[in-house]
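# Notes for the structure review
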Amino acid sequence: MAHSSPRPQSLPPLHRLLVVGGGGREQALAWALRRCPGVNEVWVTPGNGGTLDLEGCRALGISELDADGLIAHCRDHAIDLVVIGPEAPLAAGVADRLREAGLAVFGPGADGAQLEASKAWAKQLMQEGGIPTAGHWAVSELPEALAVLDRLQRPLVVKADGLAAGKGVTVAETIEATAAAIQEAFAGRFGSAGERLVLEERLQGPEVSVFALCDGERMVLLPPAQDHKRLLEGDRGPNTGGMGAYAPAPLLDAAGLEQVRAQVLTPTLRALRNRGIQYRGVIYAGLMLTATGPQVIEFNCRFGDPECQTLMPLMGPELAQVLQACALGCLDLAPALTITEACSACVVTAAEGYPDAPKKGDVVLLAPDDDPQRQLFHAGTRRDQDGRLLTSGGRVLTQVAQADTFDQAFARAYQALETVDYRGMQYRRDIGHQVRRS
Ligand code: AMP
Ligand code: GLY
């Protein structure tokens, strides 16, 4: 049974935070939360090679799945709010454990995290809530899946039901390719994540990410963001976790965002409540803007990475209190979140071999940067015993910059990347091509 503490009369003091996770997303969250007035200490666990470079941030060696370790730390250090970044601890119920221990946690429990952890569950919820999404068939046996394909006689999108680190989706071009993807999934390509599949109708249109900060009943929407999933310029090559982003994405204007609120996010939160789920965290709606309106491609139970890095510099000083109010179920008590009106650009640098087999252990050289409209968020980095910065993951750094126009923002981000170096560094030069003229 989900633990739910009584609603406070006003927001409690908020000085010390813990951000759980070690990617660029968590680095950006820690940076943005530390900037909020009154917040004087932000712990990050496990963090990365850049955590200690953030003023007022401290690193901790506790695993993101170690609920007991996290609870003990929060008690010892009087942590006022825990923000959980990645999906794995959320799906594993770490937020539930921390809430049961009396902590304020931004991040859904294992029940709500099924929005991301089970595509079949999310599809069912969308059906119940009348939320626009592609037609689908949930299947758990090979003959059943092939029978659906045989009946429909058209290519389908094949999705592993469970968490597959963003790699469990095949957008098949032909019936034969659909059948091959189904066979591979049932042969174990995605491990247990592929024991059940969701087959989906293929939709057409540009994609955009929308984030709703939720307190279980109410929500605040962030500006829409545009991700770039493919590894190579021209949107070619394999899918990745995301090679760059920008916000606000003009694809969705204020009216479009309100349509997404009315047709997607409000009904989703209602459908969650109808199942008895108090969703206190961010709902990430991956949308396709089709000829007949926005449709949900996927839900995630966390911020997007690198969308989060792009968005955080636009967040006003109320961010920490807004997340706290979401955690406590009282968003109506929080100050309104101000959003800076600027264009924010983000470029990811990846390691050689990413996404299949990223190489690790190369020395990363960085130049100091004092441009206040530029942020370098570390992701797959670590420090060795001598304090040298080394690559330690697929996506190594995210360079973010803001300006009045996207042309200027991207120029600023790319200029900074000229001072970054490590062996095999790769990044796309065309991030933001949709909104750039130069
Ligand atoms: P997902 O992991 O569900 O976001 O899917 C990865 C990518 O596959 C998405 O970003 C889309 O580009 C594509 N995709 C997923 N579902 C569909 C669909 N129903 N129609 C067309 N493309 C899709
Ligand atoms: N950037 C896509 C994701 O975080 O899933």
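Residues numbered from 1 in each chain as written. Chains lettered and ligands numbered in written order. Predicted model: local features only at pLDDT ≥ 70, side-chain atom pairs only at ≥ 80, totals over all residues. Heavy atoms only, no water.

## Considerations on the pattern of salt bridges
A complete count under the given rule lists 28 salt bridges for this structure. Glu201 is the partner of Arg154 in a salt bridge, and the nearest nitrogen-oxygen pair spans 2.4 Å. In this pair, Arg154 sits in the loop between helix H7 (142-152) and strand E7 (157-160) while Glu201 sits in the loop between strand E9 (197-200) and strand E10 (207-215), placing the two residues 47 residues apart along the sequence. Classification of Arg154 as partly exposed rests on a relative accessible area of 33%. (Salt bridge = Lys/Arg side-chain N within 4 Å of Asp/Glu carboxyl O. Helix = DSSP H or I, 4+ residues; strand = E, 2+ residues; numbered from the N terminus. Buried < 20%, exposed > 50% of the residue type's maximum accessible area, 1.4 Å probe, protein only.)

## A closer look at the sheet that holds E7
Hydrogen bonding along the main chain pairs the strands of a sheet, whether they run parallel or antiparallel. Strand order in this open sheet of four strands is E6-E9-E7-E8, and the pairing throughout is antiparallel. Two strands bound the open sheet, and with one partner strand each, they are strand E6 (136-139) and strand E8 (169-171). When strand polarity is set aside, the average angle formed by the axes of neighbouring strands in this sheet is 15°. Here E6 pairs with E9 via four bridges, running antiparallel. Bridge assignment links Trp137 to a residue of E9, and that residue is Leu199. In this fold helix H6 (residues 119-129) packs onto E6, E7, E8 and E9, with an angle of close to 50° to the strand it touches most, E9. Packed onto the sheet, helix H8 (residues 175-186) meets E6, E7, E8 and E9 and runs at close to 170° relative to E9. (Pairing = 2+ DSSP bridges. Axes fitted to C-alpha atoms, helices over the stretch in contact; angles between N-to-C directions. Contact = heavy atoms within 4.5 Å.)

## Regarding the site of ligand 2
Neighbouring ligand 2 are the residues Asp227, Gly241, Tyr284, Asn300, Arg302, Gly304, Asp305, Pro306 and Glu307. Contacts to ligand 2 include Arg302, whose side-chain N or O atom sits 2.9 Å from an oxygen atom. Backbone polar atom of Asp305 to a nitrogen atom of ligand 2: 2.9 Å apart, as the coordinates give it. Relative to its free-state accessible area of 200 Å², ligand 2 is covered by the protein chains to the extent of 90%. Tallied by class, the residues present in the shell around ligand 2 amount to two nonpolar, three polar and four charged. (Near = heavy atom within 4 Å. Polar contact = N/O pair within 3.5 Å; in protein donor to acceptor, adjacent residues only side chain to side chain. Areas by Shrake-Rupley, 256 points an atom, 1.4 Å probe, with all protein chains shown as cover. Nonpolar A, V, L, I, M, F, W, Y, C, P; charged D, E, K, R; others polar.)

## Points about the site of ligand 1
Neighbouring ligand 1 are 15 residues, the closest being Glu200, Glu201, Leu203, Glu207 and Glu298. In this structure, a nitrogen atom belonging to ligand 1 sits 3.0 Å away from a side-chain N or O atom of Lys159. Here an oxygen atom of ligand 1 sits 2.4 Å away from a polar atom, N or O, in the side chain of Glu207. Burial of ligand 1 by the surrounding chains reaches 91%, relative to a free accessible area of 470 Å². Looking at the shell around ligand 1, the elements that each hand over two or more residues are E7, E8 and strand E17 (293-300). For the shell around ligand 1, the residue count by class is seven nonpolar, no polar and eight charged.

## With respect to the pairing of strand E14 (residues 236-239)
For a regular strand, the rule is simple: side chains alternate between the two faces of the sheet. Both strand E13 (residues 230-232) and E14 contribute to a ladder of two bridges, which runs antiparallel. The residue bridging Leu232 from the neighbouring strand is Arg236, located in E14. If you look at the hairpin formed by E13 and E14, you'll find three residues sitting between the two strands, and Gly234 has a positive phi there, around 80°.

## Section: the state of the cysteines
Applying the stated criterion to the full structure yields zero disulfides. Cys57 takes part in no disulfide bond, and the closest cysteine sulfur to it belongs to Cys36, at a distance of 11 Å. Take Cys57: its relative accessible area is 7%, and that puts it in the buried class. Here Cys301 stays free of any disulfide, with the sulfur of Cys214 as its closest cysteine sulfur at 12 Å. (Disulfide = S-S within 2.5 Å.)

## Concerning the sheet that holds strand E2 (residues 41-46)
Strand order in the open sheet formed by five strands is E3-E2-E1-E4-E5, with parallel pairing between adjacent strands. Strand pairing shows two members of the sheet lacking a second neighbour, strand E3 (57-59) and strand E5 (105-106), which therefore form its edges. Pairing analysis gives three bridges linking E2 to E3, with the strands arranged parallel. From the neighbouring strand, Trp43 faces E3, where its bridge partner is Arg58. In this fold helix H2 (residues 67-76) packs onto strand E1 (16-21), E2 and strand E4 (81-84), with an angle of close to 165° to the strand it touches most, E1. Together, E4 and E5 form the strand contacts of helix H11 (residues 319-328), whose direction differs from that of E4 by roughly 90°.

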